[in-house]
Every structure is written in C-alpha cells, then in structure tokens.
Amino acid sequence: VKDLAMDDLILAIDLGTSGPKVALVTPQGHVQACEIGETGVSILPGGGAEQNPDDWWQAIKSTTQRLLANSAVPPERITAVGCTAQWSGTVAVAENGRHLMNAIIWMDSRGAPYVHQITNGPVKLEGYGVNKMLPWLRLTGGLPVRSGKDPIAHILYIKHHHPDIYQQTYKFLEPKDYLNLKLTGKFAASFDSITLHWLTDNRDIHQVRYNDRLIHFSTIDRAKLPELKQAVDVLGPLTRAAAQELGLLPGIPVVMGTPDLQSAALGSGALRDFQPHLYVGTSSWLTCHVPYKKTDIFHNMASLPSAIPGKYFIANEQETAGACLSFLRDNILYPNDALARETHIPNVYPVFDQIVEQVPAGSGRLIFTPWLHGERTPVEDRHVRGGFHNVSLSATRSHFIRAVFEGVAYNSRWLLGYVEKFVGRRLDDIHFIGGGANSNIWCQIHADVLNRRIKQVQDPVQANARGVGLLTAVALGLSTFDTIGDGVPIAHTYEPNPANRPLYDQLFAEYLNIYQQNKRMYARLNG
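Please read these numbers as outputs of a predicted model, since none were measured by experiment. (Residues numbered from 1 in each chain as written. Predicted model: local features only at pLDDT ≥ 70, side-chain atom pairs only at ≥ 80, totals over all residues. Heavy atoms only, no water.)

So, the pattern of salt bridges
Tallied over the entire structure, the rule returns 16 salt bridges. For R402, the salt bridge identified is with E406, shortest N-O distance 2.9 Å. Note that R402 and E406 are positioned in helix α12 (residues 397-423) at a spacing of 4 residues, about one turn of the helix. On the basis of relative accessible area, R402 is assigned to the buried category, the value being 6%. By relative accessible area, E406 is classed as buried at 0%. As a salt-bridge pair, R453 and D429 come within 2.7 Å of each other at their nearest N and O atoms. One end of the pair, R453, is in the loop between α13 (440-450) and β27 (454-457); the other, D429, is in the loop between α12 and β26 (430-433), with 24 residues separating them in the sequence. In this structure, a network of salt bridges that share partners links the residues E50, D108 and R110. (Salt bridge = Lys/Arg side-chain N within 4 Å of Asp/Glu carboxyl O. Helix = DSSP H or I, 4+ residues; strand = E, 2+ residues; numbered from the N terminus. Buried < 20%, exposed > 50% of the residue type's maximum accessible area, 1.4 Å probe, protein only.)

Okay, structure coming up:
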C-alpha cells in the first residue's frame with residue numbers, strides 16, 4: 001500500500017436514505033468535489049421500509065465515475081476510501097458476499113412484536129422485563145427499542161417471516177459494513193456500527209465485545225454476527241474488482257468508517273465533549289460527545305460508542321424532519337402563488353425559503369407536528385402521526401409552509417430539553433448541518449425557537465462525507481482528532497430574536513399538549 005501524502009485525496013462515500021454522496025476530501029477535511037446519486041425506498045404494509053443493495057452499489061458506481069470525470073482528478077491521487085451510511089439497517093448476506101433480500105432500513109418497524117417477546121419478563125418497567133432490562137442497560141447502555149426499528153428487530157423479523165433466508169445468511173451487516181464488504185470482500189462491523197444490535201458489552205469503550213448473555217436473550221445465532229473492529233482500523237485493501245467498477249487503483253486502504261450520526265459529528269466540527277450539533281436531513285438529531293456512559297430509558301437516549309476511540313456520544317433521533325418538506329412538496333397541491341408560476345420547479349426549496357421569509361413568526365398560530373412516520377426520541381411512539389392544528393379560514397399555503405419549518409424546530413426544542421438534562425448543562429453555539437442547514441431562514445427559526453445561538457456549518461450537506469474523510473485521514477496518520485474540529489468552517493452565526501420569544505414559548509407549550517392529549521387517539525387509529 002502506498003503511503004499517503006498531504007496532497008493526496010480520500011474518496012468519501014456517504015450513503016444516505018435518499019442516495020449516496022461521493023466526495024473527494026483532503027486530509028484537512030476540505031471537500032474538493034462532490035456528486036450526489038439517488039436511490040428509492042419501498043414503503044410496505046405493516047411498517048415495512050426496504051431498499052435494494054444493488055441500487056446502492058449502482059448509484060455509488062455511477063456517482064463515483066461521474067465525480068472522477070467532472071473533477072478531472074487522476075485515480076492515482078486517490079489513495080484511500082472511507083464509508084459512512086445510514087444507521088440501524090440490516091443486510092442479510094450469504095458467504096459469497098451476495099445479499100439475499102432487500103435491506104431492511106431504519107424506518108422499518110415490522111420486528112416490533114419479536115422485540116416485545118425477547119424483552120418480556122414477569123415484572124415490567126416501561127414495558128421491559130426488569131430481569132432483562134438491567135443487564136441490557138448495564139452492558140450496552142441502552143435497550144432494543146420497542147418500536148422494532150433496530151437491527152435486532154430486523155433480524156428477528158427475518159428469522160420469523162423468512163426462515164429460509166435466515167438459515168442461508170452468513171452475516172447480518174449494517175449498510176456501512178455491507179459497503180465495506182463490496183469494497184474489500186471482508187465481513188466486519190465497527191464498535192459504533194454494531195451498537196444498535198444491543199448485543200455488545202460497551203463498558204470498556206476500548207474493547208467492545210459481544211456478550212453471550214445478551215445473545216442468548218436475543219435468540220440470534222452468534223455465528224451470523226460479524227467480527228468487530230474500531231472505526232479507525234484499516235479493514236483491508238480495495239479489491240481489484242471493486243477498483244475496476246469505481247475507476248480507482250486496486251490495493252488502496254479502505255478504513256472501517258462509521259455510521260451517519262457519528263460521521264456527522266466529526267464533519268460538524270463539534271468534536272469536544274458537550275459541544276453540540278444539530279442535523280436536519282430526512283430525519284434529525286441533536287447530540288454531542290460525552291466522557292461517560294449513561295442512559296435515559298424514559299426518553300430513548302443513551303451515550304454509545306462514537307467513531308473517536310475512547311469516546312461516547314449521545315444517541316437520539318427524530319424520525320422525520322426534512323422529509324416533512326418532501327412530503328409538502330410531493331403530497332400537497334398548491335394554489336396560485338410563487339410555486340405555481342412554473343409547471344415544474346426543479347429545486348423547490350429556495351422558493352419555500354422565499355415564502356417563509358415573508359410570513360410572520362408563528363404562522364398565524366398554525367402548528368404542524370412532524371411525526372409522519374412515528375417517533376423515536378424524546379418519545380418512542382411508532383403510532384403517532386403528524387398533522388396541522390389550529391387551521392382557520394385565514395390560513396394560506398404560505399402559513400402552512402412556514403408551519404412545517406417551525407414544527408420541525410419545535411421537535412428540535414423538545415429534544416434539546418432532554419439532551420440538556422442528560423448532560424446537566426445548557427448547550428449553546430449549536431453547529432447546524434444537513435440539508436436543512438442550507439436554509440438561512442430555517443437556521444434563524446431554529447435560533448428563535450430553541451433560544452440558542454446557531455452556527456451554520458459551511459457546505460452543511462457535505463458534513464458526513466467531510467467527517468468520514470477526516471476519520472480516514474486520522475486512521476492513516478495524516479491528522480488527529482484534537483485538530484480536525486478547528487478546521488471546519490462556519491458560514492454564519494444566527495442569534496435568537498428576543499421579540500419572538502413569548503410567541504414561540506406559547507406555541508411550543510401547545511405543541512407538547514397536542515402530543516399528550518392525542519397519543520391515545522394515535523394508538524387507537526394506528527395500533
């Protein structure tokens with residue numbers, strides 16, 4: 001393997017739910033070029049959500065080839081590969097490396113009944129048998145979520161509904177680890193990617209290992225789980241076959257990499273303990289690194305292994321954030337306003353921004369709840385659904401659009417309160433990344449609703465690719481975790497507008513009331 005030099009480039013692959021981003025990243029974290037691909041999601045009856053791994057690989061191939069052609073970078077300058085990907089997904093893979101069915105992704109809840117079975121017990125707390133809850137919390141820091149959206153639930157769903165596929169499976173892999181298999185031919189998971197299987201002892205953050213007692217609880221075969229490595233380990237050289245498909249040189253190192261929450265933390269520049277970042281993409285989260293292992297079972301949060309060796313981060317996720325804008329764009333018809341001036345607007349989001357900027361704060365007291373596919377944090381409730389509340393005859397489409405922006409921000413504020421309780425301190429200077437951070441007005445709305453200073457990271461959509469590029473640079477000795485955060489540029493800082501504080505306090509209180517007063521109705525309708 002050729003030694004890397006500081007002028008070499010890293011190929012960073014970021015597989016999101018909507019498709020891959022493939023970027024050329026310098027060891028200092030500068031994204032020189034980036035291309036975006038698309039993949040579809042199959043939403044199935046009963047809470048199913050799947051993607052075809054062949055679609056992932058084809059999109060990565062075509063996007064990488066387009067990146068190399070458009071950037072005119074010779075393959076010789078690309079001397080390492082690192083992957084990040086959507087977390088909490090499952091690919092059943094045969095020993096020859098062939099996937100046996102569609103990937104079950106993070107939105108899928110069909111395994112919920114089987115999680116209920118394996119976590120049951122004679123004495124219950126929050127729905128869990130205490131005799132099982134205590135070992136799970138002590139060893140892993142968390143619990144299999146009862147909504148059935150973790151890989152442990154996916155595997156149990158396959159075991160019960162597709163027993164033939166379960167028997168044929170050599171290893172169950174996370175999406176990131178499946179991509180690594182395609183690149184190197186090696187089956188492995190990282191300490192961080194395996195966490196949501198809830199089968200590892202995470203008490204020694206430097207030596208994460210499977211635990212026999214938890215595997216017994218799970219009823220999953222130990223042999224079907226991959227070996228474990230650190231995120232900064234080199235998994236192996238790029239195979240000749242993968243190199244030919246991507247247009248790269250064979251033999252360059254492929255680093256283990258990390259899931260999307262962890263790579264986003266690196267790419268946001270918020271690496272120090274208690275330094276927060278907010279991500280708004282298809283889903284959203286608000287998190288920071290912490291120096292300790294801790295769990296809040298009542299609000300579905302725990303400090304779990306991060307990509308940085310020896311560190312934890314607070315794991316939480318809200319199911320639909322930017323996806324609410326996609327829903328608005330694709331599922332709601334528009335009357336005569338700026339959106340209707342053309343029959344097709346290739347990128348509608350800047351138009352959304354223009355409209356929202358013209359609507360007063362509070363959207364005429366119209367409230368949108370963004371729970372379009374259930375919720376994970378700070379409540380775990382797969383039955384809850386979204387909606388517009390307090391609609392009157394004076395409401396216009398512009399009010400509805402701004403209400404969506406504000407509703408996602410209310411959800412961020414809901415989560416922020418519990419994250420701050422978790423760490424025992426106020427969090428400010430929140431680094432904002434993801435596609436939502438491209439919107440200046442959404443940055444300001446978050447500053448106003450959260451009453452916190454928001455730091456808009458430059459090129460926020462590329463945070464994950466930047467993060468895994470920086471991780472790869474550290475893994476290969478070209479940088480250190482102590483320095484990479486300072487090199488991530490901030491585009492703009494947004495201060496809260498005190499004039500909007502009373503209104504947003506009132507609307508946020510009612511936002512919480514909407515959930516509390518209607519959660520039983522949602523359970524009846526969607527249970």
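Observations concerning the environment of A264
One can find A264 in helix α9 (residues 260-267). Here the alpha-carbon distance between A264 and A80, two residues 184 residues apart in the chain, equals 19 Å. In contact with A264, other than residues within four places in its own chain, are H277, W285, I433 and N464. (Contact = heavy atoms within 4.5 Å.)

Structural notes on α12
Here α12 contains 27 residues, and its C-alpha end-to-end distance of 39 Å stays within 8% of the 39 Å for a straight helix at 1.5 Å per residue. Here α12 lies mainly inside the structure; 22 of its 27 residues are buried. Positioned one or two residues after α12, G424 has a phi angle of 70°, which is positive. (Expected span 1.5 Å × (residues − 1).)

Re the sheet that holds strand β28 (residues 490-494)
With mixed pairing, 5 strands are arranged side by side in an open sheet as β19-β18-β26-β27-β28. Unpaired on one side and paired on the other, β19 (284-287) and β28 mark the two borders of the sheet. Taking the axes of each pair of neighbouring strands and ignoring which way they run, one obtains an average angle of 20° across the sheet. Two strands pair when backbone bridges link them, and β26 and β27 are joined in this way by 3 bridges, in the parallel orientation. (Pairing = 2+ DSSP bridges. Axes fitted to C-alpha atoms, helices over the stretch in contact; angles between N-to-C directions.)

Bear in mind that shape data such as this cannot, by itself, settle questions of function.
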